[in-house]
Amino acid sequence: MNKIEHIGIAVKNLKESNDLFSKLFGKPHYKTEEVLSEGVNTSFFQVGENKIELLEATNANSPIAKFIEKKGEGIHHIAFDVLDIEEEIQRLKCEGFIVLNETPKKGADNKLVAFLHPKSTNGVLIELCQEIKE
Ligand code: ZN
């Protein structure tokens, strides 16, 4: 596993939060993207070397809607950059982690992603992401 790729923050209203975080970081988000498979709208901020992803639910069944219902807005996941996501999934499975999707899926920002169940990681939802190479 390499560096932290981004930190995901669950928000109720993406537009309002874009304004808020623009003020916080002193610059606007550089992209927004809807991820249909997850039922989310996302926006990304570049803060120095780091990326912050804001996530808003697009429907009531979205994992983000459920998260906010249970815990309120806040840090939702930490994403780590990996070179070979398939290999990393196998390695982590063998180590006893619960992989939520063993087949990587298309995430935001040109990434293949997989999630580890927070039950197996001290309550932290971990996202693995691998850049999609053409
Ligand atoms: Zn993410």
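It should be noted that the structure appears before, not after, this text.
Rules used throughout
- Residues numbered from 1 in each chain as written.
- Predicted model: local features only at pLDDT ≥ 70, side-chain atom pairs only at ≥ 80, totals over all residues.
- Heavy atoms only, no water.
- Phe/Tyr/Trp six-rings, centres within 6.5 Å; stacked < 30°, edge-to-face > 60°.
- Helix = DSSP H or I, 4+ residues; strand = E, 2+ residues; numbered from the N terminus.
- Buried < 20%, exposed > 50% of the residue type's maximum accessible area, 1.4 Å probe, protein only.
- Arc of directions from axis to C-beta.
- Pairing = 2+ DSSP bridges.
- Axes fitted to C-alpha atoms, helices over the stretch in contact; angles between N-to-C directions.
- Expected span 1.5 Å × (residues − 1).
- Polar contact = N/O pair within 3.5 Å; in protein donor to acceptor, adjacent residues only side chain to side chain.
- Contact = heavy atoms within 4.5 Å.

## Here's the deal with the packing of aromatic side chains
Centre-to-centre distance and the angle between the planes together describe a pair of aromatic rings. With the rule as written, the count across this model stands at 4 aromatic pairs. Each ring, one from Phe21 and one from Phe25, has its centre 5.8 Å from the other, and the planes form 45°; the classification is tilted. Taken together, the positions of Phe21 and Phe25, both in helix α1 (residues 14-25) and 4 residues apart, correspond to about one turn of that helix. The class of Phe21 is buried, set by a relative accessible area of 13%. Ring geometry for Tyr30 against Phe44: centres 6.3 Å apart, planes inclined by 40°, an arrangement best described as tilted. With Tyr30 in the loop between α1 and β2 (31-35) and Phe44 in strand β3 (residues 40-47), this pair connects stretches of sequence that are 14 residues apart. Taken together, the aromatic side chains of Phe21, Phe25 and Phe45 make up a single cluster linked through ring pairs.

## Describing helix α2 (residues 63-71)
Of all the positions in α2, only Ile64, Ala65, Phe67 and Ile68 are classed as buried. Projected down its long axis, α2 carries its buried residues within an arc of 160°, all on one side. Facing away from the buried surface of α2 by more than 90 degrees, the exposed residues are Glu69 and Lys70. Looking one or two residues beyond α2, the residue adopting positive phi is Gly72, at roughly 85°.

## Description of the sheet that holds strand β4 (residues 50-57)
The 8 strands are arranged β2-β3-β4-β1-β5-β8-β7-β6 in an open sheet whose pairing can be described as mixed. For this open sheet the edge positions go to β2 and β6 (105-107), each flanked by a neighbour on one side alone. When the angles between neighbouring strand axes are averaged without regard to direction, this sheet yields 35°. As defined by bridge partners, β3 adjoins β4 across 8 bridges and the pair is classed as antiparallel. Considered in β4, the bridge of Val47 is made with Asn50.

## Here we look at α1
In this model α1 runs 16 Å from its N-terminal to its C-terminal C-alpha over 12 residues, within 8% of the 16 Å that 1.5 Å per residue would give. The N-cap of α1, judged by a side-chain oxygen 3.0 Å from the amide nitrogen of Lys15 a few residues on, is Asn13. Note on α1: the residue one or two positions beyond its end, Gly26, has a positive phi of about 75°.

## Thoughts on the environment of Lys111
Following the sequence through the fold, Lys111 ends up in strand β7 (residues 111-116). For Lys111 and Glu87, which are 24 residues apart along the polypeptide, the C-alpha to C-alpha distance reads 15 Å. Those residues in contact with Lys111 that sit more than four places away from it in its chain are Glu5, Lys51, Lys105, Lys106, Cys129, Gln130, Glu131 and Ile132. A distance of 3.3 Å separates the side chain of Lys111 from the side chain of Glu5, its partner in a polar contact.

So yeah, pure geometry; function would need other evidence.
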